[in-house]
Amino acid sequence: MGNNLGFTLTEALVSLIITGILISFSLPSMSRFYDHFQLMQALSVLQSDLHRVRDYNMVPLQQGGGKDLIINHDDQSYTVTRNGVLIAKRRLPDRVTISGEGSTRISFTPAGNISRAGSLTVLSRYHQKRMVFSIGIGGVDIRD
């Protein structure tokens, strides 16, 4: 009479195969989730940097001029400059891109209004969002 408390090798292999099949079905949804997470993280950081540039430009009598945020579409990065002098540079995550060519300069007036209305499309592998810039309120809105 043997000990029947353990698993046989066959039972262990069958359970590993079933687990592997279940994991393979969940990978596409996890990939989409991670893709959405990267896109939203990139948008959050970009929007935060835009608010910092706006707040800086709203300080009265700013010494040395205001700041601009320049999106470089060619290398998928953006920079924050003050009078053409580089202050900060950030790269977008690997699978996140901002549509467009060349570069896009975003600047704010001392009243906090954006200098030019429009929108940018931010893309990832499975998702896309639009950043909408409204004249008059200086807001940056994220839309589907």
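About the thresholds
- Residues numbered from 1 in each chain as written.
- Predicted model: local features only at pLDDT ≥ 70, side-chain atom pairs only at ≥ 80, totals over all residues.
- Heavy atoms only, no water.
- Helix = DSSP H or I, 4+ residues; strand = E, 2+ residues; numbered from the N terminus.
- Expected span 1.5 Å × (residues − 1).
- Bend = angle between axes of the 7 residues up to and from the residue.
- Buried < 20%, exposed > 50% of the residue type's maximum accessible area, 1.4 Å probe, protein only.
- Pairing = 2+ DSSP bridges.
- Axes fitted to C-alpha atoms, helices over the stretch in contact; angles between N-to-C directions.
- Contact = heavy atoms within 4.5 Å.
- Lys, Arg positive; Asp, Glu negative; His and termini not counted.
- Salt bridge = Lys/Arg side-chain N within 4 Å of Asp/Glu carboxyl O.

Quick notes on helix α1 (residues 9–58)
Counted at 1.5 Å a residue, the expected span for α1 with its 50 residues is 74 Å, and the 70 Å between its end C-alpha atoms agrees. Its maximal kink placed at L27, α1 deviates by approximately 35°, while the proline P28 follows within four residues. Inspection of α1 places D35, Q38, L39, A42, L43, L46, D49, L50, V53, R54, Y56 and N57 among the buried residues, and these make up the whole buried set.

Things to note about the sheet that holds strand β3 (residues 85–91)
The strand order β3-β2-β1-β5 describes an open sheet built from 4 strands, whose pairing is antiparallel. Each edge of the open sheet carries a strand with a single partner, namely β3 and β5 (103–107). Between one strand and the next, the sheet's axes are offset by a mean angle of 20°, whatever the strand orientation. Packing against the sheet, α1 makes contact with β1 (67–72), β2 (77–82), β3 and β5, and its axis sits at approximately 150° to β1.

Observations regarding the environment of H127
Within the fold, H127 resides in the loop between β6 (118–123) and β7 (128–133). Judged by its relative accessible area of 26%, H127 falls in the partly exposed class. Once the C-alpha coordinates of H127 and F33 are considered, the two residues, 94 residues apart in sequence, prove to be 10.0 Å apart. The residues contacting H127, other than those within four sequence positions of it, are R32, D35, H36, L39 and V122.

Observations concerning the side chain of K67
Mapped onto the secondary structure, K67 falls in strand β1. An unpaired buried charge is present at K67: no salt bridge exists, and D49, the closest side chain of opposite charge, is 9.0 Å distant.

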